[in-house]
Amino acid sequence: MKIRTVVAVVVVFLLVGFQSALAQTVVFSDDFNDGTADGWWLDRSCHQGGCGNWRVENGMLTQDSGGDNYIALVEGIFLANQTIKTDFLANDPGGYGSTVVWYGDFDNWTGIRLIPNHNPGGIWIEEIINGIDFYTFYPYQFSNGVWYQLEVDADASRGLLAVSVDSSYLFTHQVSTLVRAGRSGVADGNAGGFFDNFVLTSNDATAVPEPSGIITILTGLLGLVAIAGIRRFRRT
């Protein structure tokens, strides 16, 4: 009975704590001035024409391999509603950079891509749904060799992405994907570019375990409940 009570209290504490976390504002930021990529998972896999070579260089996060969609994700944070801001400088001639929201796996995520040199340049909304790419193009005039601040406000419940560049609102995109929670970060390709001053804010969640981690914890606690019940049954 004592074990059952303790376990029940812990379960309630975890669930209440998780709900409380959802009501808090979370901020993750990185200006990369420490020279490390601590807190990031960096995609160094080989696909679509090259191998990812993410690194921190001169106080900036960079990846300049050929190919597409090399992803860098913030570790330990799982979000639905969120705002991402990051500065980006594209490498010539065709580099592009994206913010990434709702990353479930490589076959399910959404990217907001700033691409200066695509005749004309503009912003692509890239929705990867079950491994299939769906693109929506919004024309916008970018210049080579210029830093831009890309900001995306993601409203998961309504499926809306409000996009701004250099603090000027451009458009709101209605997504089709139903995967509207996951990890967050950036991506680039076609020789990529440089990211700096990354800021992630949300009123949804904190750096709590992702759903799989929470399920593991609860499964273990339920196991303790079962053991306590068996011991009690044997004593009677």
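Placed above this text is the structure.
The paragraphs below set out a description of the structure included in this document. Here the structure is a predicted model, which is why all the values come from computation and not from measurement.

Looking at the nonpolar core
- With 38 residues, the main nonpolar core has Trp 40, Leu 61, Ile 112, Ile 123, Leu 161 and Phe 198 as its most contacted residues.
- The greatest single-element share of this core, amounting to four residues, is contributed by strand β13 (residues 148-155).
- Dropping the residues within four chain positions of it, Phe 198 is found in contact with Phe 28, Ser 29, Asp 30, Phe 32, Trp 40, Val 74, Ile 84, Lys 85, Thr 86, Gly 185 and Val 186.
- Counting residues in each nonpolar core, the second largest holds seven residues, with Ile 71, Val 100, Tyr 103 and Ala 187 among its members.

Quick notes on the pattern of salt bridges
- Tallied over the entire structure, the rule returns four salt bridges.
- Close ionic contact of Arg 55 with Asp 64 constitutes a salt bridge, the shortest N to O distance being 2.9 Å.
- Residue Arg 55 is classed as partly exposed on the basis of its relative accessible area of 25%.
- A single network of salt bridges, built from pairs that share partners, joins Arg 55, Glu 57 and Asp 64.

Side note on the state of the cysteines
- Using the criterion set out here, one finds one disulfide in the structure.
- Disulfide pairing is shown between Cys 46 and Cys 51; the S-S distance is 1.8 Å. One disulfide, between Cys 46 and Cys 51, carries an S-S torsion of 105° and so falls in the right-handed class.
- A residue is classified by how much of its surface remains accessible, and Cys 46, at 54% relative accessible area, is exposed.
- On the accessibility criterion, Cys 51 (36% relative accessible area) is partly exposed.

What about the pairing of strand β9 (residues 96-105)?
- Here β9 lies mainly inside the structure; eight of its 10 residues are buried.
- In this sheet, strand β16 (residues 183-189) lies alongside β9 in antiparallel orientation, the contact comprising six bridges. Among the inter-strand pairings, Tyr 96 is bridged to a residue of β16, identified as Gly 189.
- Both β9 and strand β10 (residues 108-115) contribute to a ladder of six bridges, which runs antiparallel. Each bridged residue has a counterpart across the sheet, and for Ser 98 the counterpart in β10 is Arg 113.
- Two successive antiparallel strands, β9 and β10, enclose a turn made up of two residues.

Considering the environment of Ile 84
- Inspection of the secondary structure puts Ile 84 in strand β8 (residues 82-90).
- By relative accessible area, which is 0% here, Ile 84 ends up buried.
- Between the alpha carbons of Ile 84 and Ser 184 there is a distance of 8.4 Å; along the sequence they are 100 residues apart.
- Ile 84 has contacts with Thr 99, Val 100, Val 101, Leu 150, Glu 151, Val 152, Ser 184, Gly 185, Phe 198, Val 199 and Leu 200, leaving out every residue within four places of it along the chain.

About the thresholds
- Residues numbered from 1 in each chain as written.
- Predicted model: local features only at pLDDT ≥ 70, side-chain atom pairs only at ≥ 80, totals over all residues.
- Heavy atoms only, no water.
- Core = buried A, V, L, I, M, F, W, Y, C linked by side-chain atoms within 4.5 Å.
- Buried < 20%, exposed > 50% of the residue type's maximum accessible area, 1.4 Å probe, protein only.
- Helix = DSSP H or I, 4+ residues; strand = E, 2+ residues; numbered from the N terminus.
- Contact = heavy atoms within 4.5 Å.
- Salt bridge = Lys/Arg side-chain N within 4 Å of Asp/Glu carboxyl O.
- Disulfide = S-S within 2.5 Å.
- Pairing = 2+ DSSP bridges.

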